[in-house]
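Each chain, written out:
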Amino acid sequence: MQFRRMLYALLIVLVALTGCGATTGPGNGNGDGDGDLPGNGNNNPDPAGPAMHNTIAYVPADTGDEIRVIDPDGSNDRQLWSHGEDDPFEVYGIWDLDWSPDAREIAFASSHENYCSLFYSDIYAVGTSGGNYRRMSAPPACGELADYPKATVNVPVRNYGSDSLVIFMYFLGAPSVQQISLPAFGSGMITFDDVADLGAGVDQYGMMIEGSNRELAASTAVDVQPNGNHTTAEQSVYHPGSPGWESRSPTWHSDGTRVGYLFSFNTIYGIQEFPDLLELGDQLVTAEDMPNIIMHLNWNPAEEWADELIYVGWNYSTNSIYWVQEGTTDTPGTPLLDFASYEEVLGLAWLPDGNGFVFSVLEEFGEISNLWRYSFDTETATRITSFTEGFAGDLSVSPDGNEIVFERGTETDLGWDFIDSELWIVGRDGGNLRMLVENAAKPDWSSN
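In what follows, the accompanying structure is described. (Residues numbered from 1 in each chain as written. Predicted model: local features only at pLDDT ≥ 70, side-chain atom pairs only at ≥ 80, totals over all residues. Heavy atoms only, no water.)

With that settled, the discussion passes to the pairing of strand E16 (residues 247-252). Counted residue by residue, E16 has 6 buried out of 6 residues, so it is predominantly covered. Taken together, the 4 bridges between E16 and strand E17 (residues 258-263) define a ladder with antiparallel strand orientation. Paired with Arg248 across the bridge in E17 is Leu262. The loop that links E16 with its antiparallel partner E17 comprises 5 residues; one of these, Gly256, has a positive phi angle of about 75 degrees. (Buried < 20%, exposed > 50% of the residue type's maximum accessible area, 1.4 Å probe, protein only. Helix = DSSP H or I, 4+ residues; strand = E, 2+ residues; numbered from the N terminus. Pairing = 2+ DSSP bridges.)

Overall, the coordinates contain 11 salt bridges when judged by the stated rule. Between Asp77 and Arg68 there is a salt bridge whose closest N-O contact spans 3.2 Å. Residue Asp77 is classed as partly exposed on the basis of its relative accessible area of 32%. By relative accessible area, which is 18% here, Arg68 ends up buried. For Asp71, the salt bridge identified is with Arg78, shortest N-O distance 3.7 Å. In this structure Arg78 comes out as partly exposed when scored by relative accessible area, which is 24%. Three or more residues are tied together by salt bridges with common partners; here these are Glu66, Arg68 and Asp77. (Salt bridge = Lys/Arg side-chain N within 4 Å of Asp/Glu carboxyl O.)

This paragraph deals with the sheet that holds strand E18 (residues 267-272). In spatial order, the strands read E16-E17-E18-E19; together these 4 strands make up an open sheet with antiparallel pairing. Only two strands of the sheet have a single partner each, and these edge strands are E16 and strand E19 (282-283).

Before going further, it helps to spend a moment on the state of the cysteines. A disulfide bridge is the covalent bond that connects two cysteines by way of their sulfur atoms. Across all of its chains, the model carries 1 disulfide by this definition. A disulfide bridge connects Cys116 with Cys142, and the sulfur atoms are separated by 1.5 Å. With Cys116 in the loop between strand E5 (105-110) and strand E6 (122-127) and Cys142 in the loop between strand E7 (134-135) and strand E8 (150-158), this pair connects stretches of sequence that are 26 residues apart. Judged by relative accessible area, which is 3%, Cys116 ranks as buried. (Disulfide = S-S within 2.5 Å.)

Inspection of the secondary structure assignment puts Ala381 in strand E27 (residues 380-383). A C-alpha to C-alpha distance of 8.5 Å links Ala381 and Leu337, two positions 44 residues apart in sequence.

A few words on the sheet that holds strand E13 (residues 213-223). To summarise the sheet geometry, strands pair through backbone hydrogen bonds and adopt either a parallel or an antiparallel arrangement. Reading across from one edge, E10-E9-E12-E13 is the order of the 4 strands in this open sheet, with antiparallel pairing throughout. Edge positions in the open sheet fall to strand E10 (178-182) and E13, since each of these has one partner strand only. Each strand of the sheet is rotated relative to its neighbour by a mean of 30 degrees, with strand direction disregarded. Bridge count between strand E9 (residues 165-171) and E10: 5 bridges; the pairing is antiparallel. Residue pairing across strands places Leu165 opposite Leu182, the latter belonging to E10. (Axes fitted to C-alpha atoms, helices over the stretch in contact; angles between N-to-C directions.)

A cis geometry characterises the amide bond from Pro139 onward to Pro140, with omega recorded as 20 degrees. Tracing the chain through its elements places Pro140 in the loop between E7 and E8. For Asp194, which is not glycine, the phi dihedral falls at a positive 55 degrees. Counting through the fold element by element, Asp194 comes out in strand E11 (residues 187-196). Positioned with a positive phi, Glu379 is a non-glycine residue whose angle comes to about 55 degrees. Among the structural elements, Glu379 can be located in the loop between strand E26 (368-375) and E27. You can call Glu379 exposed: its relative accessible area is 59%.

Dropping the structure here:
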C-alpha cells in the first residue's frame, strides 16, 4: 500500500532531521457496460450471490490481482473475482478486503481502475457470484462509462519549466489517461475523445499523474455536453508532488447498508452500499485535530455498538489505536493504546462481540511483530503470540471469536508488506498455531 511506503519514508526523514538538530495504462475494466441508466448510481443491483459463511477471503501476495476464498480447514481454495487487467508492470493491486455482514459481498480497495479515475485507488464491492461489481467511491466504474453520452475535450497545456516533461493526465469521464510530453517552455494540446457527460451542470476536470502522485488540474474544469467539442482553459503542467489521492481500508456497517473507508491522509468517509454518481459519502468524524495519517479503519460489528469505530492514527512520533463514535465533531477519539513510531500497528480487527479487538504490532525496534488482544472490560492488552522471529501483519477474527487468521512472513519490504507472505491461524489463547495457505495476504473471515 502506498501510504505505508510514504509513512516509512517520512519516518526516515524525521529520524535524519532529529539526528541533525507508476505508469498507468488502459485496461478492460470489469464492468459490462449494460447495467443501469446513466446517473442513477447503480441503485438497481443484481443479486449479490449466495452467502459464504465462515469463509476466509484473501489476496495472492505475489500478484495482488484477484480475490480468492478458502475454508478455514484449508480446503476449497478458489477464485472469487479478478480485475482482469493487463498488468505487465504490476501497477494494479488489491489492498484491503471486508466481508459484508451477510457474507454475500466483499468490499475492497484497489488501484486497478486508476487509469480511468481521478484517484490512485478506489473502493469497490463485488458479490460472491461475481455480480454486483461496482465502484463505491466516486462512481461510475470504468466499464459503466460506455452508458453515457460522449463528447470531446481538448486541454491546452504548457510547460513553464526549464526541463522537458513527461507525465500523464486523466480527464474525468474519459476512458483512459493521455501522455503529456513537452520540451522546456513548450506547449501543446491534449485531446480526450469519448468523454462521458456525467450530468448537467457538473464540472468535469483533469488530473495530472506521475506514478502514485496526482494533482488536480483546476484550470480544466468544464461542463461537458453531449456530442460537444470543448476546449478548456490552458493548464500549466508540472511534476505532481501530491501523494494521497487514494481510498483504502473499507469496513462494512453492521446493518450492511453502508461502507466506511479512508480517503487521502486522514479523512473518514461513510458511503451508501449503492452510492449516487460521483459521490464520496459523508464524513464520519470531523474533528480538526485528526491524526496526520489514519490506517486500519474498523466499524464495530456488534449491533448494540454499531456507531463505534476503531482505527490507527499516526502522529509522526507516535501511533495510537483510537476509539471514536460516528458523528463526533470535537475530538479524533480516545487513544486506547499508544506506541512509539517504530512500533507500527500492522493489523487491527474487532472481536465479533464488539467488546474488544485484536491487533499486531512491531516489537524490538521493528525486528519482529506479534498478536495482542485488547479488552474494553479490563482496559488492558494481552499477548497472544510470542514469536521471536518473523512478522505477523494484517488479520481477521473467526465468527465465534476463538481464532485469528493473520499474515505471516520472515521479511518485509520498505512498506512493511511481507515477502513470501503466508496466512496462518492461531487460537485466541495463542494455541493451535497452523499454516492455512502460502502466497496469501489481506485475510478477512466472514460471519456465520
